[in-house]
Amino acid sequence: MTELAGYAVTERNSAGRAVVEPRPKARGEFQRDRDRIVHSTAFRRLEYKTQVFVNHEGDLFRTRLTHSIEVAQIARSIARALGANEDLAEAIALAHDLGHTPFGHAGQEALNECMAGHGGFEHNLQSLRIVDKLEERYGAFDGLNLMFETRAGILKHCAPARARELGAVARRFVENRSPSLEAQICNLADEIAYNNHDVDDGLRSGLVELEQLDQISLFARHAGQARAEFPQLTGRRLIHETVRRMIDAQVTDLLAETRKRIAAQGIATPADVAAAAPLVGFAAPMAEENRTLKHFLHAHLYRHHKVVRMTGKARRIVGDLFTAFAADVRLLPEQYQRKVAQEGAQRVIADYVAGMTDRYAMKEHCRLFAIGID
Ligand code: MG
């Protein structure tokens, strides 16, 4: 690892693990976090969870897993270039979507509605719940016993009332402090990853046309450069040549702007990062172009009638499953039934349903509702 800057989170300035463990022998503490995340059950499930397109719609679309790997790659590049803790950034990035329900945001909205009056459901809080509690892999503790800064980085949003219940890991939301530089890097890497891969997947699916994207300045400028350099380029290669230029331009812009803010505010320690307004970001023109692209994707991809149709089905599946289990908890697998007394039926059902992959949720729906299937 390259030399860390003074503002990076390190093992020395870390608040450590909730349960004290012997130091790892051949790797750092944040590498160990990354490794624990990669070995977790929740991480493997990401392979079969929707990003935008439901898993069975095509083999080449991003899933939550490939999305998370792309986020980690971008986050690592940015972290290394800024002298931040690359291992921590990677760990947060790989874990940031662990709490997603099947069927993406449609699944989360449906589950949140089912959980109204029982504490609600939010994928971000669920990611933390998975690493703190739900993973069953160690004899000595529940969850993965990750480093404090990894857990705090996973918790991207949190309402102040809930933050008070969560204690130290969420204290920054009560005290209005900024997340670590590594967590900020992951937030922006997430945005860079999905905006760009959704352009790619949108075009691949045929739901978005090249002519439409040529109206969007960020895309048009880089497509123009690609066409100028390679006039014979068409189809997939033109798209890929454009998307890779967009990612590069966004990362380059972000590095320059972030370095400028760090220097201007004399940021030297993690405490300085916490006290300052968010430091990791685009310069104003790129931020504007990024917003325009985001709006375009909302209007033309996420709200495309073909995506919305699947969204409707997803809501029904998640809602039906929850309702059936809530009406009779004896329908739950036994290891979940055993937790009902301690956690409350609704939270246990939410954990079970949220943990399902897209296809497992569809199968479970058939098993519960289709006569003649066991
Ligand atoms: Mg994400």
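You'll find the structure just up there.
Counting restarts for each chain: residues are numbered from 1 in the order of the written sequence. A pLDDT threshold of at least 70 governs which residues receive local features in this predicted model, and a stricter bar of 80 or more applies before side-chain atom pairs are shown or counted, although totals over entire chains, interfaces and linings include all residues. Note that the side-chain values use all heavy atoms of the structure and ignore hydrogens as well as water.

(A) Quick look at the coordination of the magnesium ion. Coordinating donors are taken as N, O and S atoms within 2.8 Å of the metal, stretched to 3.2 Å for Na, K and Ca; because water is absent from the atoms, sites can appear incomplete. Coordination of the magnesium ion by the protein comes from H67 (NE2), H96 (NE2), D97 (OD) and D190 (OD), over a distance range of 2.1 to 2.6 Å. Exposed residues in this analysis have more than 50% of their type's maximum accessible area, buried residues have under 20%, and partly exposed residues fall in between, with area computed by a 1.4 Å probe over protein chains only. Using a relative accessible area of 11% as the deciding quantity, one classes H96 as buried. For D190, a relative accessible area of 7% corresponds to the buried category.

(B) Structural view of unusual backbone geometry. Its identity is not glycine, yet F103 carries a phi of approximately 65°, on the positive side. Each helix is a run of DSSP H or I of at least 4 residues and each strand a run of E of at least 2, with the numbering of both proceeding from the N terminus. Here F103 is to be found in the loop between α4 (86-95) and α5 (104-114).

(C) Representation of the environment of G119 in the model. Structurally, G119 can be placed in the loop between α5 and α6 (123-134). In this structure the C-alpha to C-alpha distance between G119 and Q346, which are 227 residues apart in sequence, comes to 9.3 Å. Contacts are assigned to residue pairs with any non-hydrogen atoms lying within 4.5 Å of each other. In this structure G119 touches R162 and R347, once residues within four positions along its chain are discounted.

(D) Structural detail: the packing of α6 against helix α19 (residues 345-355). Between the N-to-C directions of two axes lies an angle of 0 to 180 degrees, each axis being a line fitted to C-alpha atoms and, for a helix, fitted only over the stretch in contact. As a packed pair, α6 and α19 sit with axes 12 Å apart at the nearest point and diverge in direction by 100°. As summarised for this structure, α6 and α19 are arranged roughly perpendicular, according to the angle between their axes. Contacts between α6 and α19 involve Q126, R129 and L134 from the first element and R347, D351 and A354 from the second. Taken together, the residues of the contact of α6 with α19 break down into two nonpolar, one polar and three charged. To sort the angles, those under 35 degrees are grouped as roughly parallel, those over 145 as roughly antiparallel, those from 65 to 115 as roughly perpendicular, and the leftovers as oblique. Under the scheme applied, nonpolar residues are Ala, Val, Leu, Ile, Met, Phe, Trp, Tyr, Cys and Pro; charged residues are Asp, Glu, Lys and Arg; polar residues are all the others, including Gly.

(E) Representation of helix α16 (residues 305-327). To estimate how far a helix should reach, multiply one less than its number of residues by 1.5 Å. Relative to the 33 Å expected for 23 residues at 1.5 Å per residue, α16 spans 33 Å between its end C-alpha atoms, a close match to the ideal helical length. Every buried residue of α16 is listed here: V307, M310, A314, I317, V318, G319, L321, F322, A324 and F325. As for α16, its buried residues are in contact with α5, α15 (284-302), α19 and α20 (358-369).

(F) Examining a positive patch on the surface more closely. Any residue with relative accessible area above 30% and no salt bridge may belong to a patch, with like charges joined within 9 Å and the nonpolar Val, Leu, Ile, Met, Phe, Trp and Tyr side chains within 5 Å. We get accessible surface area from the Shrake-Rupley algorithm with a probe of 1.4 Å; when it comes to residues, only the shown protein chains can shield them. When a carboxyl oxygen of Asp or Glu is within 4 Å of a side-chain nitrogen of Lys or Arg, the pair counts as a salt bridge. Just so you know, the count uses Lys and Arg for positive and Asp and Glu for negative, and it drops His and the chain ends. By convention, the point assigned to a charge is CZ for Arg, NZ for Lys, CD for Glu and CG for Asp. On the surface, K306, R309, K313 and R316 cluster together into a positively charged patch. Note that R316 resides in helix α16.

(G) Structural detail: the packing of α5 against α16. Two elements in contact, α5 and α16, have axes whose closest approach is 8 Å; the angle formed by their N-to-C orientations is 35°. The handedness of the crossing between α5 and α16 comes out as right-handed. Residues A106, G107, E109, A110, L111, E113 and C114 of α5 touch α16, and the partners they reach there are T311, A314, R315, V318, G319 and F322. Residue classes in the contact of α5 with α16 are distributed as seven nonpolar, three polar and three charged. Left-handed is the label given to a crossing in which the near helix is rotated counterclockwise from the far helix by less than a right angle, and right-handed is the label when the rotation is clockwise.

(H) Summary view of the packing of aromatic side chains. Centre distance within 6.5 Å is the pairing criterion for rings of Phe, Tyr and Trp, where only the six-membered ring of Trp is used; planes under 30 degrees apart are then read as stacked, over 60 as edge-to-face, and the remainder as tilted. Using the criterion set out here, one finds four aromatic pairs in the structure. Judged by centre distance (5.4 Å) and plane angle (65°), the rings of F325 and Y352 are edge-to-face. Of the two residues, F325 is situated in helix α16 and Y352 in helix α19; the sequence distance between them amounts to 27 residues. Where Y336 meets Y352, the ring centres are 4.6 Å apart and the plane angle is 45°; that geometry is what we call tilted. Placement of the pair is Y336 in helix α17 (residues 334-337) and Y352 in helix α19, with a sequence separation of 16 residues. Exposure remark for Y336: the relative accessible area of 16% places this residue in the buried category.

(I) Highlighting the nonpolar core. In this description, a nonpolar core means a group of buried Ala, Val, Leu, Ile, Met, Phe, Trp, Tyr and Cys residues linked to one another through side-chain atoms lying within 4.5 Å. Counting 80 residues, the largest nonpolar core has I37, L98, L181, I185, V199 and L213 as the members making the most contacts within it. Examining the composition of this core, we find that 10 residues originate from one element, helix α10 (residues 181-205), more than from any other. For L181, the contacting residues outside a window of four places in its chain are Y7, L82, A84, I262, V273, L279 and V280. Core analysis: the next-biggest nonpolar cluster, separate from the first, contains 25 residues, F103, A314, V348 and A350 among them.

(J) Representation of the side chain of Q250 within the structure. Checked against the element boundaries, Q250 lands in helix α13 (residues 235-264). Since its relative accessible area comes to 0%, Q250 is described here as buried. Here Q250 is in contact with I192, N196, L218, F282, M286 and N290, once residues within four sequence places are set aside.

(K) Region of the structure containing the environment of N196. Residue position: N196 is located in helix α10. Linking N196 and K294, residues 98 residues apart in sequence, is a C-alpha distance of 9.7 Å. Each residue touching N196, except ones within four places of it in the same chain, is listed here: V243, M246, I247 and Q250.

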